[in-house]
Amino acid sequence: MITYKAMYKFLDQGVHAEVLDFPGTITFGKNLEAARRMLASALVDMAETNLLRGEPLPPPDPSRTDPEADLEEPIHLLLSATPRVRVVAQTSSG
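Cut-offs applied
Residues numbered from 1 in each chain as written. Predicted model: local features only at pLDDT ≥ 70, side-chain atom pairs only at ≥ 80, totals over all residues. Heavy atoms only, no water. Helix = DSSP H or I, 4+ residues; strand = E, 2+ residues; numbered from the N terminus. Buried < 20%, exposed > 50% of the residue type's maximum accessible area, 1.4 Å probe, protein only. Contact = heavy atoms within 4.5 Å. Areas by Shrake-Rupley, 256 points an atom, 1.4 Å probe, with all protein chains shown as cover. Pairing = 2+ DSSP bridges. Axes fitted to C-alpha atoms, helices over the stretch in contact; angles between N-to-C directions.

S.K.: Which residues make up the overall build of the protein chain, and what values do they have?
M.R.: Within the protein chain one finds one helix and four strands. For the protein chain, the succession of helices and strands along the chain, N to C, is β-β-β-α-β. Across the 94 residues in the protein chain, those meeting the buried criterion constitute 31%. Pairs at least 24 apart in sequence give 57% of the contacts found in the protein chain among residues at least 6 apart. When the accessible surface of the protein chain is totalled, it reaches about 6,500 Å², and 55% of it is carbon and sulfur.

Right under this line is the structure:
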C-alpha cells in the first residue's frame, strides 16, 4: 500500500478532488463521498496506466499541499492483480 495526499475543494456545483503528489489524478463529484470514491478509482487507473507503460509510480510527498484546498487527507493506493495485467514470460537468448 502506498499513501499519497488527496485534496478537496468545495464548489457550488460539487467537489473538486485531486491527488497532489500523483500528477494528473483529478476528478469531480457531486459531494465529498462521491469525490472520494471517484478519486480512489482514478488513482488506481493512473497507477495501472503507469505500470502498464513501464513507468514508475511517482513517490509520495506528504509535504505537498494546496493553499486553496478545503480539505487534505491521505489516500491509499491499493493495487491487486487484475485481468488487464498480463505477465509476459522472458525467454533466454542462448
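S.K.: How would you explain the sheet that holds strand β2 (residues 14-19) if you had to name every residue and give the values?
M.R.: Sheet architecture is open: four strands sit in the order β3-β2-β1-β4, paired in antiparallel fashion. Edge positions in the sheet fall to β3 (26-29) and β4 (71-77), since each of these pairs with one other strand and no more. Ignoring strand direction, the axes of neighbouring strands in this sheet form an average angle of 30°. The sheet contact formed by β2 and β3 spans four bridges and is antiparallel. Note that in β3 the partner of Glu18 across the bridge is Ile26. The strands touched by helix α1 (residues 32-52) within the sheet are β1 (2-11), β2, β3 and β4, with β4 carrying the most contacts at an inclination of about 45°.

S.K.: Describe the pairing of β2, naming the residues involved and giving the relevant values.
M.R.: Pairing geometry for β1 and β2, over six bridges, is antiparallel. Looking at the pairing, Tyr8 lines up with Ala17 of β2. If you look at the hairpin formed by β1 and β2, you'll find two residues sitting between the two strands. Count of turn residues in the β2/β3 antiparallel hairpin: six residues, of which Gly24 carries a positive phi of about 90°.

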